[in-house]
Amino acid sequence: MAPRTKLKTGEKPASPRKTAIARLVQPPQTDIDVEADDRQRVGVQSLGRAFAILEEVARHREGIGLADLSKLVGLHNSTTFHLAKTMVSLGYIRQEKESKRYRVGRPLFALAASALDEIEMVNVATPVLEELSRETGESGHFAVRMGDAVVVIARTSGPGAFQLTDRVGVVRPAHCTALGKIILASLRPEQLKRFLERTDLKPSTKKSITSIAVLTREIAEIKHSGIAFDDGEFNPEVRCIAVPVMDFTGQTIGALGISGPVWRLSNQALQSHAKTVRAAANRLSAEFGARDAAKSS
């Protein structure tokens, strides 16, 4: 039995009907812990949705409309619109005025650039190169563009004898190295045209490409195949193979490859190592955020 409430002097007891109504309209007691859990759950859900939207926008370099974006992330148009509007206001995505399509915003590129600085790239690339050298027995290299040339920013040696001794930081011409030709193949047509107009294709060996027409044809083949070779074009005693490394935007950010002495690394051996080199590049691309790169290894 519920305890009786002590009445003040002259106060009349409440009727049973009023007491029942009061109980109905009285707000329930709030559980602070439950409220906190609910807020956290909603916050995590919103973050998850926001990042899903951001990832889909980043994957569509040509931009993406609201309807397609909503469908891909599995949200109602209104929910996607409000989340996207918030990210637009923060600058992480932008919306084109005419087409209304969403694209990645500049602050995101700034964050990515700071995360992918040279030191970080070396730290990420080195373990992949070490594994590649163990698998192939040859020296592994990771290079990035430096003006009209390429610079090797990470390298490893294989267990085999007579390893190459190129140091980290060495600069090589783009037109007569496998690493460089991969970088050239990633250029936009107008960029490649300007490169060919201003660059003197100086020969390093008798096999170096010195003809613009020949280089243009080879670059076209590399674009199609995704793989480049150097058969003694920079060093007459060395053969190389290289493939592109991508980032989260699908752009080529560098080239990964192996090299070895011609007497050990025959053209047939290069072809046999192609799959291994591609797999290593896919692993490294996945580390840099490339979509589905690891799955294709």
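Structure first, text after, so check above.
Residues numbered from 1 in each chain as written. Predicted model: local features only at pLDDT ≥ 70, side-chain atom pairs only at ≥ 80, totals over all residues. Heavy atoms only, no water.

Draft legend 1. Broad picture of the packing of aromatic side chains. Counted under the stated rule, the structure contains one aromatic pair. Residue placement shows Arg264 over the ring face of Trp263; its charged tip is 5.5 Å from the ring centre. (Phe/Tyr/Trp six-rings, centres within 6.5 Å; stacked < 30°, edge-to-face > 60°. Lys NZ or Arg CZ within 6 Å of the ring centre and 35° of its normal.)

Draft legend 2. Local environment of the nonpolar core. Residues Phe142, Val245, Leu256, Leu284 and Phe288 are the most contacted members of the largest nonpolar core, which totals 27 residues. Of all the elements in the fold, those that place two or more residues in this core are α6 (118-136), β3 (139-146), β4 (149-156), β7 (238-246), β8 (252-261) and α10 (267-287). With seven residues, α10 is the largest single contributor of residues to this core. Residues Ala143, Ile183, Phe195 and Ala255 belong to the second largest nonpolar core, which totals 25 residues. (Core = buried A, V, L, I, M, F, W, Y, C linked by side-chain atoms within 4.5 Å. Buried < 20%, exposed > 50% of the residue type's maximum accessible area, 1.4 Å probe, protein only. Helix = DSSP H or I, 4+ residues; strand = E, 2+ residues; numbered from the N terminus.)

Draft legend 3. Structural detail: the side chain of Thr199. The residue Thr199 is located in the loop between α8 (189-198) and α9 (212-225) in this model. Relative accessible area serves as the criterion here: at 18%, Thr199 is assigned to the buried category. Here the side chain of Thr199 touches Asp148 through a polar contact of 3.5 Å, side chain to side chain. Here Phe195 takes part through its backbone oxygen, which lies 2.7 Å from a polar atom of the side chain of Thr199. (Polar contact = N/O pair within 3.5 Å; in protein donor to acceptor, adjacent residues only side chain to side chain.)

Draft legend 4. Region of interest: the pairing of β4. Of all eight residues in β4, eight are buried; the element is thus mostly enclosed. With seven bridges connecting them, β3 and β4 associate as antiparallel partners. Residue Phe142 lies in a different strand from β4, and its bridge partner there is Ala154. In sequence, β3 turns back onto β4 through a hairpin of two residues, with Gly147 there showing a positive phi of about 65°. Sheet analysis places β4 next to strand β5 (residues 171-173), joined by three bridges and oriented antiparallel. From the neighbouring strand, Val151 faces β5, where its bridge partner is Val171. (Pairing = 2+ DSSP bridges.)

Draft legend 5. How the structure looks around the environment of Tyr92. By secondary structure assignment, the location of Tyr92 is in the loop between α4 (77-90) and β1 (93-95). Relative accessible area serves as the criterion here: at 31%, Tyr92 is assigned to the partly exposed category. The sequence separation of Tyr92 and Arg106 amounts to 14 residues, and the corresponding C-alpha distance is 6.8 Å.

Draft legend 6. Structural view of the packing of helix α7 (residues 178-185) against α9. The contact between α7 and α9 brings their axes to 9 Å, and the two run at 80°. With respect to their mutual orientation, α7 and α9 come out roughly perpendicular. Taken together, the residues of α9 that come into contact with α7 (itself represented by Lys181, Ile182, Leu184 and Ala185) are Leu215, Glu218, Ile219, Ile222 and Lys223. Its residues assigned to classes, the contact of α7 with α9 shows six nonpolar, no polar and three charged. (Axes fitted to C-alpha atoms, helices over the stretch in contact; angles between N-to-C directions. Parallel < 35°, antiparallel > 145°, perpendicular 65-115°, else oblique. Contact = heavy atoms within 4.5 Å. Nonpolar A, V, L, I, M, F, W, Y, C, P; charged D, E, K, R; others polar.)

Draft legend 7. Region of interest: α8. All buried positions along α8 are accounted for by Gln191, Leu192, Phe195 and Leu196. Down the axis of α8, the buried side of the element spans an arc of 135°, and every buried residue falls inside it. Those residues of α8 that are exposed and angled more than 90 degrees off the buried face are Pro189, Lys193 and Glu197. Contacts from the buried residues of α8 go to β3, α7 and α9. (Arc of directions from axis to C-beta.)

Draft legend 8. Quick peek at the pairing of β7. Burial analysis of β7 places seven of its nine residues in the buried class, the great majority of the element. Once strand β6 (residues 228-231) ends, the chain turns through six residues before running back antiparallel as β7, passing Gly232 with a positive phi of about 70°. Both β7 and β8 contribute to a ladder of nine bridges, which runs antiparallel. Note on β8: the bridge partner recorded for Arg239 is Gly260. Between β7 and β8, which pair antiparallel one after the other, the connecting turn spans five residues, and Gly250 there sits at a positive phi close to 90°.

Draft legend 9. Quick look at unusual backbone geometry. With phi around 65°, Lys100 is a residue other than glycine that occupies positive phi space. Summarising the element assignment, Lys100 is placed in the loop between β1 and β2 (102-104). A relative accessible area of 48% means that Lys100 is categorised as partly exposed.

Draft legend 10. Spatial organisation of the pattern of salt bridges. A full pass over the atoms with the stated rule returns 11 salt bridges. Of the charged contacts in the structure, one is a salt bridge between Lys181 and Glu233, with a shortest N-O distance of 3.0 Å. A residue pair is termed long-range when its members are at least 10 positions apart, and Lys181 in helix α7 and Glu233 in the loop between β6 and β7 qualify at 52 residues. Residue Glu233 is classed as buried on the basis of its relative accessible area of 8%. (Salt bridge = Lys/Arg side-chain N within 4 Å of Asp/Glu carboxyl O.)

Distances and angles like these do not, on their own, reveal function.
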